[in-house]
Amino acid sequence: MKFILSISLVVSCMLYGIDADTIKIIQTYRTKGIENTQIMLENYLTQKDFWLDLLKDKDTDYGYYENTEFLFVSDKTIPDLSLYEIQNGHLKKINQSNALVGSGKGDKKIEGDLTTPIGVYDITARLTGLNQYYGPMAYATSYPNIYDRVRKRTGSGIWIHGLPLNGNREELNTKGCIAIENQLLSQYDKIIAQKNILLISFENNFKPSTKEELATILSDLYLWRDAWIKNDLNTYLSFYNNDFIRFDGMKFNSFKDYKKRVFDKKEEKTILFSDIDITPYPNNEGKNLFRIVFSQNYSAFKNNRSTYTSKSKKELYIELKDNKISILTEK
């Protein structure tokens, strides 16, 4: 009877276009139950081929996005500012225009150096009622992000804004912000209001992310999570760079000791990731850097009793080296 049902299931799957992997999952659920099916599904998430298949029809030059809806992209050498909309993994270019940026070259290092940062930043606020110098409104960015702060970068108030309302446009540079024509800024404001937006700022050549790189990062992200769930300290720490610094300044050796104490509790864990965004991180150091942001739902249990729960936004800055992620900093 079981054999007849299996043949019937396979035939149904073939008729309705379900692939071999789906058949395998359904059969596992039918014969071994939900726990074994979950183990199988978790294993898929750690496999690079799974992610390559997921990414095959996506536009990935500027990364992988489940949460971000719009991208500002600025090349400081032109200088310009482009706006892209992300629709189901595809990029739609809305516009590209000339822009004004800071006069300083390279990365922003200290407050007052008149340099536009190189990196990846959230748009954190829409600002109005400003001095007429900034045009009709401005978008605030998250500079300095945690990667900037652990590298002792200083400064603040890096915005995307307009040009002076009084028509005085003699200045060819900003103090570090990105400025565009007021009419265009107002057009953008109607499109992107209340959306999730990132700014990617670079100088000279931008290195697009590849599907191969993104699949490696995604599969490693779930291998890292798997080691975390299993309290496998050595494997977990193997995903961290020896020069790792946590957002609060904790360095690798102290972090390792802290995690050992946590893992020694032998708690059972449920860790869910969602809304994953991965962005190639421009830099002038020749490193293959990426910013990873996701929502994390974490629960720990001991003797069937809850010991800790949290829901948070996780932020990692990683270097992809020798086909493996190496975490440089996190929050």
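Preceding this section is the structure that the text describes.
Note that the structure is a prediction, hence the values are computed from the model and not measured.

1. Comments concerning the sheet that holds strand β12 (residues 305-321)
At step 1: The sheet built from 5 strands is open, its strands ordered β1-β10-β11-β12-β13 with antiparallel pairing. In this open sheet, the two strands that pair with only one neighbour each are β1 (64-65) and β13 (324-330).
At step 2: Helix α7 (residues 211-229) contacts β1, β10 (268-281), β11 (289-302), β12 and β13 of the sheet and is inclined by roughly 155 degrees relative to β10.

2. Regarding the packing of aromatic side chains
At step 1: Within the structure shown, the criterion is met by 27 aromatic pairs.
At step 2: Seen in terms of ring centroids, Tyr44 and Phe50 are 6.5 Å apart; in terms of plane orientation they differ by 55 degrees. Their pairing is tilted.
At step 3: A residue is classified by how much of its surface remains accessible, and Tyr44, at 14% relative accessible area, is buried.
At step 4: If you follow Arg225 out to its NZ or CZ, it ends over the ring of Phe273, 5.9 Å from the centre.

3. Describing the sheet that holds strand β8 (residues 178-179)
At step 1: Reading across the sheet, the 8 strands line up as β4-β3-β2-β9-β5-β6-β7-β8 and stay open at both edges, with mixed pairing between neighbours. One side of each edge strand has no neighbouring strand; the edge strands of this open sheet are β4 (90-98) and β8.
At step 2: In this structure, strand β3 (residues 80-87) lies alongside β4, joined through 8 bridges in antiparallel fashion. Following the sheet pairing, Leu83 is matched in β4 by Asn95.
At step 3: The strands touched by helix α6 (residues 182-192) are β2 (70-75), β3, β4, β5 (119-127), β6 (138-141), β7 (159-161) and β9 (197-202); relative to β4, the strand with the most contacts, the crossing angle is about 160 degrees.

4. Quick notes on the side chain of Thr141
At step 1: Mapped onto the elements of the fold, Thr141 is located in strand β6.
At step 2: In terms of polar contacts, Thr141 uses its side chain to reach the backbone carbonyl oxygen of Ile158, at 2.8 Å.
At step 3: In contact with Thr141, other than residues within four places in its own chain, are Tyr121, Asp122, Ile123, Thr124, Ile158, Trp159 and Leu199.

5. Things to note about the packing of helix α2 (residues 20-32) against helix α3 (residues 34-45)
At step 1: Following both chains from N to C, one finds α2 and α3 inclined at 155 degrees, their axes separated by 7 Å at the closest point. When the axes of α2 and α3 are compared, the pair comes out roughly antiparallel. Across from Asp21, Lys24, Ile25, Thr28, Tyr29 and Lys32 in α2, the residues of α3 making contact are Ile34, Asn36, Thr37, Met40, Leu41 and Tyr44.
At step 2: Classifying every residue of the contact of α2 with α3 by side-chain character gives 6 nonpolar, 3 polar and 3 charged.

6. What to know about the nonpolar core
At step 1: Counting 36 residues, the largest nonpolar core has Trp224, Tyr236, Ile276 and Ile278 as the members making the most contacts within it.
At step 2: Residue assignment for this core shows that the elements contributing at least two residues are α4 (48-55), α7, α8 (233-237), α9 (252-263), β10, β11, β12 and β13.
At step 3: Discounting chain neighbours no more than four positions away, the residues touching Ile276 are Tyr64, Tyr65, Glu66, Asn67, Leu218, Leu221, Tyr222, Val293 and Phe294.
At step 4: Counting residues in hydrophobic clusters, the runner-up holds 20 residues, among them Ile86, Ile158, Leu198 and Leu328.

7. Observations concerning the packing of α4 against α7
At step 1: α7 packs onto α4 with a crossing angle of 130 degrees between their chain directions and a minimal axis gap of 8 Å. With respect to their mutual orientation, α4 and α7 come out oblique. Of the two elements, α4 crosses α7, and the hand of that crossing is right-handed. Residue-level contacts link Lys48, Trp51, Leu52 and Leu55 of α4 to Lys211, Glu212, Leu214, Ala215, Thr216, Leu218, Ser219 and Tyr222 of α7.

8. Brief notes about the side chain of Asp220
At step 1: Examined against the element boundaries, Asp220 turns out to sit in helix α7.
At step 2: Buried and without a salt bridge, Asp220 has Lys324 as its closest oppositely charged side chain, separated by 6.4 Å.
At step 3: At 3.0 Å, the side chain of Asp220 and the backbone nitrogen of Ile325 are in polar contact.
At step 4: Not counting the four nearest positions on each side in its chain, Asp220 is found in contact with Phe239, Asn323, Lys324 and Ile325.

9. Some remarks on unusual backbone geometry
At step 1: Geometrically, the link from Ile78 to Pro79 is a cis peptide bond, its omega value of -20 degrees lying close to zero.
At step 2: As for its placement among the helices and strands, Pro79 is situated in the loop between β2 and β3.
At step 3: That bond from Tyr143 to Pro144 is cis: its omega, -5 degrees, falls within 30 degrees of zero.
At step 4: In this structure, Asn303 takes a positive phi of about 55 degrees despite not being glycine.
At step 5: On the secondary structure map, Asn303 appears in the loop between β11 and β12.

10. Things to note about α9
At step 1: Here α9 spans 16 Å end to end across 12 residues, near enough to the 16 Å set by a 1.5 Å rise per residue.
At step 2: Restricting attention to buried positions, one finds in α9 the residues Phe252, Phe255, Lys259, Val262 and Phe263. Along the axis of α9, the buried residues cluster in a sector spanning 90 degrees; they form a single face. Residues of α9 that are exposed and angled more than 90 degrees away from the buried face: Asn253 and Arg261.
At step 3: In this fold, the buried residues of α9 make contact with α7, α8 and β13.

The rules we used
Residue numbering note: each chain is counted from 1, following its sequence as written. Whole-chain, interface and lining totals are the exception, using all residues; otherwise, since this is a predicted model, local features are given only for residues with pLDDT of at least 70 and side-chain atom pairs are given and counted only at 80 or more. Processing note: side-chain calculations cover all non-hydrogen atoms of the structure and skip hydrogens and water entirely. In short, DSSP must find at least two bridges between two strands for them to pair. What counts as a helix is a DSSP run of H or I of at least four residues, what counts as a strand is a run of E of at least two, and both are numbered from the N terminus. Contacts between residues were defined by any pair of non-hydrogen atoms, one from each residue, lying within 4.5 Å. Helix axes use the C-alpha atoms of the stretch in contact, all axes being lines fitted to C-alpha atoms, and the angles between their N-to-C directions lie in the range 0 to 180 degrees. Pairing of aromatic side chains requires ring centres within 6.5 Å, counting the rings of Phe and Tyr and the six-membered ring of Trp. Pairs whose planes differ by under 30 degrees are stacked, by over 60 edge-to-face, and all others tilted. Only protein chains enter the area calculation, which uses a 1.4 Å probe; residues under 20% of their type maximum are buried, those over 50% are exposed, and those in between are partly exposed. Only Lys NZ and Arg CZ are tested; either one counts as a charge over a ring when it is within 6 Å of the ring centre and within 35 degrees of the ring normal. In protein, a polar contact requires one atom able to donate a hydrogen and another able to accept it; more generally it is a pair of N or O atoms within 3.5 Å, and residues adjacent in sequence count only if both atoms are side-chain atoms. Each angle is binned into one of four classes, with values under 35 degrees roughly parallel, values over 145 roughly antiparallel, values of 65 to 115 roughly perpendicular, and all other values oblique. The nonpolar class holds Ala, Val, Leu, Ile, Met, Phe, Trp, Tyr, Cys and Pro. Asp, Glu, Lys and Arg form the charged class, and all remaining residues, Gly among them, are polar. Nonpolar cores were defined as sets of buried Ala, Val, Leu, Ile, Met, Phe, Trp, Tyr and Cys residues, with membership established by side-chain atoms within 4.5 Å. The hand of a helix crossing depends on one turn: near helix anticlockwise from the far one by less than a right angle means left-handed, and clockwise means right-handed. Counted as positive: Lys and Arg. Counted as negative: Asp and Glu, with His and the chain ends omitted from the count. Salt bridge criterion: a side-chain nitrogen from Lys or Arg within 4 Å of a carboxyl oxygen from Asp or Glu. To estimate how far a helix should extend, the number of its residues minus one is multiplied by 1.5 Å. What the arc covers is the set of directions going from the helix axis to the C-beta atoms.

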